[in-house]
Structure formats: structure tokens, C-alpha cells
Amino acid sequence: MTSAFKTVFRAAAAIVLAGAVSTPAMAAEGKPAKELFGAMKLPSRAAPQPFGSYAKGCQAGAVAIATDGPTWQAMRLSRNRRWGQPEMIALLERFSKDAVQLGWGSGILIGDISQPRGGPMLSGHASHQVGLDADIWFTPKPAQPLTPEQREKMPFTSMLDKSKFLTVDSKRWTNTHAKLVVRAASYPQVERIFVNPAIKKKLCDTWTGDRAVLGKIRPIYGHDEHFHIRIKCPEGASGCKPQAAVPPGDGCDASLAYWFTPAPWAAPKKDPNAKPAPKPRAMQLSDLPQACSAVLQAPAGDAATAVASGMDPTPPTASAFVEPQTSSDAAMALPPVIPVPKARPLQN
Ligand SMILES: [Zn+2]
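In this report, we go over the structure that sits alongside the text. Small disclaimer: the values here were computed from a predicted structure and weren't measured.

## Side note on the overall build of the protein
- Counting secondary structure elements, the protein contains 10 helices and 11 strands.
- Accessible area of the protein: about 16500 Å², with a carbon and sulfur share of 59%.

## With respect to the coordination of the zinc ion
- Only H128 (NE2), D135 (OD) and H228 (ND1) from the protein reach the zinc ion as donors, at distances of 2.0 to 2.2 Å.
- Between the donor residues of the zinc ion, the gaps in sequence give the motif H-x6-D-x92-H. With D135 in strand β8 (residues 133–140) and H228 in strand β11 (residues 226–231), the pair connects residues that are 93 residues apart, well separated along the chain.
- In this structure D135 comes out as buried when scored by relative accessible area, which is 5%.

## Section: helix α6 (residues 175–186)
- Compared with an ideal rise of 1.5 Å per residue, which puts 12 residues at 16 Å, α6 spans 16 Å between its outermost C-alpha atoms and is within 8% of the ideal.
- What α6 keeps buried is the set H177, A178, L180, V181, V182, A184 and A185.
- You can read the cap of α6 off the contacts: a side-chain oxygen lies 3.2 Å from the backbone nitrogen of T176, and it is on T174.

## Here's the deal with a nonpolar patch on the surface
- A surface patch of nonpolar side chains, amounting to about 330 Å² of accessible area, comprises F165, Y221 and W265.
- Residue placement: F165 occurs in the loop between α5 (148–153) and α6.

## Some points on the pattern of salt bridges
- This model, assessed by the stated rule, comprises 13 salt bridges.
- A salt bridge links D98 to R183; the shortest N-O distance between them is 3.8 Å. With D98 in helix α4 (residues 86–101) and R183 in helix α6, this pair connects stretches of sequence that are 85 residues apart.
- D98 sits in the buried class, given a relative accessible area of 12%.
- Residues D250 and R211 are paired through a salt bridge, measuring 3.2 Å at the closest nitrogen-oxygen approach. Taken as a pair, D250 in the loop between β11 and α8 (254–257) and R211 in the loop between α7 (197–206) and β10 (217–219) lie far apart in primary sequence, 39 residues in all.

## Focus on the nonpolar core
- Counting residues in each nonpolar core, the largest one holds 47 residues, and the members touching the most others are I193, F227 and I229.
- Contributions of two or more residues to this core are made by α4, β7 (108–110), β8, α6, β9 (190–195), α7 and β11.
- The next biggest cluster of nonpolar side chains, apart from the first, holds 12 residues, and it includes F37, C58, L285 and L288.

## Quick look at the environment of E225
- Inspection of the secondary structure puts E225 in the loop between β10 and β11.
- The class of E225 is partly exposed, set by a relative accessible area of 25%.
- Along the chain, E225 and L160 lie 65 residues apart, while their C-alpha atoms are 8.3 Å from each other.
- Contact partners of E225, with chain neighbours within four places excluded, come to W137, F138, F156, T157 and S158.

## Quick notes on the side chain of H226
- Relative to the elements of secondary structure, H226 occurs in strand β11.
- Among all residues touching H226, those that are not within four sequence positions of it are D135, I136, W137 and F138.

## Let's talk about the state of the cysteines
- With the rule as written, the count across this model stands at three disulfides.
- Two residues, C58 and C292, share a disulfide whose sulfurs are 2.1 Å apart. Here the disulfide of C58 and C292 is left-handed, its torsion about the S-S bond being about -95°. Of this pair, C58 sits in strand β2 (residues 56–60) while C292 is found in helix α9 (residues 291–297), placing the two residues 234 residues apart along the sequence.

## Overview of the sheet that holds β11
- With respect to topology, seven strands assemble into an open sheet ordered β4-β5-β7-β8-β11-β9-β10, the strand pairing being mixed. Pairing within the sheet leaves two strands with one partner each, and these edge strands are β4 (68–69) and β10.
- With two bridges connecting them, β4 and strand β5 (residues 72–74) associate as antiparallel partners. Bridge assignment links D68 to a residue of β5, and that residue is Q73.
- Lying over the sheet, α6 contacts β8, β9, β10 and β11, oriented at roughly 150° with respect to β9.
- Helix-sheet contacts for α7 involve β8, β9 and β10, and the interaxial angle to β10 is about 135°.

## Here we look at the packing of aromatic side chains
- Applying the stated criterion to the full structure yields 11 aromatic pairs.
- Seen from their ring centres, F95 and F227 are 6.3 Å apart, and the 85° between their planes marks the pair as edge-to-face. Placement of F95 in helix α4 and of F227 in strand β11 is noted, with a sequence separation of 132 residues between them. For the pair F95 and F227, a shared accessibility class is recorded, and that class is buried.
- Measuring from ring centre to ring centre gives 6.2 Å for F165 and W265, while their planes differ by 85°; the resulting arrangement is edge-to-face. With F165 in the loop between α5 and α6 and W265 in the loop between α8 and α9, this pair connects stretches of sequence that are 100 residues apart.
- What makes W265 partly exposed here is its relative accessible area of 35%.

## A word on α7
- Considered for burial, the residues of α7 that qualify are P197, A198, I199, K200, L203 and C204.
- Here the buried face of α7 lies against β8, α6, β9, β10 and α8.
- At the N-terminal boundary of α7, the capping side chain belongs to N196, with an oxygen 2.9 Å from the backbone nitrogen of A198.

The rules behind the values
- Residue positions are counted from 1 within each chain, in the order its sequence is given.
- Restriction of local features to residues with pLDDT of at least 70 applies here, the model being predicted, together with a cutoff of 80 or more for giving and counting side-chain atom pairs; totals for whole chains, interfaces and linings are based on all residues.
- The basis for every side-chain value is the complete set of heavy atoms in the structure, and neither hydrogens nor water enter the calculation.
- Put simply, DSSP H or I for four residues or longer makes a helix, DSSP E for two residues or longer makes a strand, and each gets a number counted from the N terminus.
- Each accessible area is a Shrake-Rupley result for a 1.4 Å probe, and residues are judged covered by the shown protein chains and nothing else.
- Water is not part of the atom set, so a site may look incomplete; the donors themselves are N, O and S atoms within 2.8 Å of the metal, or 3.2 Å for Na, K and Ca.
- Relative accessibility decides the category of a residue: with a 1.4 Å probe and only protein chains considered, values under 20% of the type maximum give buried, values over 50% give exposed, and everything between is partly exposed.
- Between the first and last residue of a helix there are one fewer steps than residues, each counted as 1.5 Å, and that sum is the expected span.
- Any pair of N or O atoms that falls within 3.5 Å is considered a polar contact. Within protein, one atom must be able to donate a hydrogen and the other to accept it, and sequence-neighbouring residues count only if both atoms are side-chain atoms.
- Patch membership requires over 30% relative accessible area and the absence of a salt bridge. Like charges are linked within 9 Å, and nonpolar side chains (Val, Leu, Ile, Met, Phe, Trp, Tyr) within 5 Å.
- The rule for a salt bridge is simple: a side-chain nitrogen of Lys or Arg has to be within 4 Å of a carboxyl oxygen of Asp or Glu.
- As used in this record, nonpolar core signifies buried Ala, Val, Leu, Ile, Met, Phe, Trp, Tyr and Cys residues forming a set joined through side-chain atoms within 4.5 Å.
- The criterion used for residue contact is that any of the two residues' heavy atoms lie within 4.5 Å.
- Disulfide: a pair of cysteine sulfur atoms within 2.5 Å of each other.
- Being paired, for any two strands, means DSSP has found at least two bridges between them.
- Helix axes use the C-alpha atoms of the stretch in contact, all axes being lines fitted to C-alpha atoms, and the angles between their N-to-C directions lie in the range 0 to 180 degrees.
- Within 6.5 Å between ring centres, the rings of Phe, Tyr and Trp (the latter by its six-membered ring) count as paired, and their orientation is classed by plane angle as stacked under 30 degrees, edge-to-face over 60, tilted in between.

Take a look at the structure:
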């Protein structure tokens, strides 16, 4: 918690004690929600629950995927974004085993999932806010475990031939890459997979298996060095706002062809006489579902108990992390131990 944040809460508490009609949430108003959620080091101690939508929400009772599993490694540990809803974590564990079966090295490299309490982030994604999104590298996990430093610095590998327009690099892209992405899309709880349009086109042109599942694989900017798995709102998660279902069919249609026209890549037209547009207002806590104020204020999960359960083969220590060089803010420091779930539902 930053000292500024503490000050805000303390001030708010004082107002509440004085009997005024105010809440910490009201006091936090004015500060971008990404600063509030970005400062959270641990999840809330509560039943797991996503609130809101993928790009405007938060999560309660998140669990972390272990930094190291038999068939996965989590990357960029300093970001502290390996938190998700139990359904997401369980799916990643399952997928990592299936990846090995497909011949994807010794497993998967996992990028960002969500922050401990979800919410908007100080850098990167617009989505990943409710613990139901995860990024997977287009690089298999090497047999030798990567050191924390390697996990910070290892560069991404693009699957595109950058000398051409929207073209997959045939020297890098293999049939195993295709099988990996299609497998991810095949799970019933997966709602969408996001990939670069060139990758989607490659799948459309070459996939000979079940075409129905291709429809879940959606083209989007970026996503040429990793792909993005999005799962549905878990059953009974009444605060979770679902997305529209993907249209029927394999998606190898006009919705893909659009990406190969100039429109998505053209710079926005500027009217030389127009006033400069005002800077868009950062998302505030009050823009998020009301439950997110409670998520922010809830006590943290008990790190000691969770690690003592022995679910994490290598409980991370603060010294094992490389601090981000862009910030000397103490708020970026990680807790000495990061809790992991005691029970994993949907283990298989
Ligand atoms: Zn993503």
C-alpha cells in the first residue's frame, strides 16, 4: 500500500469516525483505479468471485499459479500478475499438461493473468481485470528451469515475418503451434482465444481438424508473440458480466478479411482545425462495479497459511525477484511470500 493510499484511507476513516456520511471508496475517488489496484500485493480474503467485465472489473479471493509447476513456468514475476480465479488457474494447469502431450517442449510459459485483486493495471492490458484472462507465450518452456532473472529478461519471439504485411513466419510457425492454439480453444470453459490476424489466417488456411472450434479464435492487434486465453464467467458468479457469444462458424470470413484491409491500420484522420481532444479520463473506482470498493478494502489473504500448505514447490521470496527498473516506488516491492491456493477445484 502506498503511503498516499494509506493517507487517503486514514483520512476517510477519520471522517467516518467523526460521523460524516463518507466512505473510503468516496475518499479514493479522484485517484485512477489503476493506481489503487496496482498497489495491491495480495488478494482479498474472500470467496473467489469475479465482478464486472473483462475490461472493467475486479476479482475477490484470487489464487496464484505457482511460479513453477511440472509443466509450466510463470514469467515476469516482478509484475505480480499471476493471480486468477480458481477456474482459470485450474485450466492453465490442465492445458500445460496437454501442451506437453502435443509436443510443446516441457510445457508452457505463462505471462500475465491478473493483479491480486484484478482491476485496471498501471501498464499493459485493457482487459485481464477479473482473473479470467491469461497470456501464453509462443515459446515452449525449456527443460531447464529459467532463473527469475531470465524470466524478466527473456525476449518474446514474434511469429510474424516482419518484412511482409501480416504474414506468419513459416520458419517459426509449426504445426505444433497450430495444435496448441486449437487445443486451448477446445475446452468448453474457454470462450475466446485472441491471436494476431496473420495467425488466424494461417489456421483458416491450414487447419484440417474440427473447424467449429476455430470460431473461438479471434483476430486482434498484437498477439503475435503470445496468445490470450479468455474463459467464461464461472457458474454461479452472479457479479460477472459475460461477453457476447462468438458468432457461429469458423470465423474465416469477413470478420477476418477486414484485418487485411487498410482500415484497421490507418492512422485516425485529423481535422487540422479541430481543437486537441481532451485527454481521456482515467477509469475511477466509481466506474467499476460497486463490489470492487469492498474488494479493495477487504483484508488480505493469509500468505503464511497458504504457503504452509505446500502447494507451491518453490514459494517465491522477495529477493528472488528483479525489481522493475522503471520505478523506485516501494509499492512495487513484492510481499515476502505470495499465497497459493490450498485447494484446486477442477483439477482435471
Ligand atoms: Zn492478454
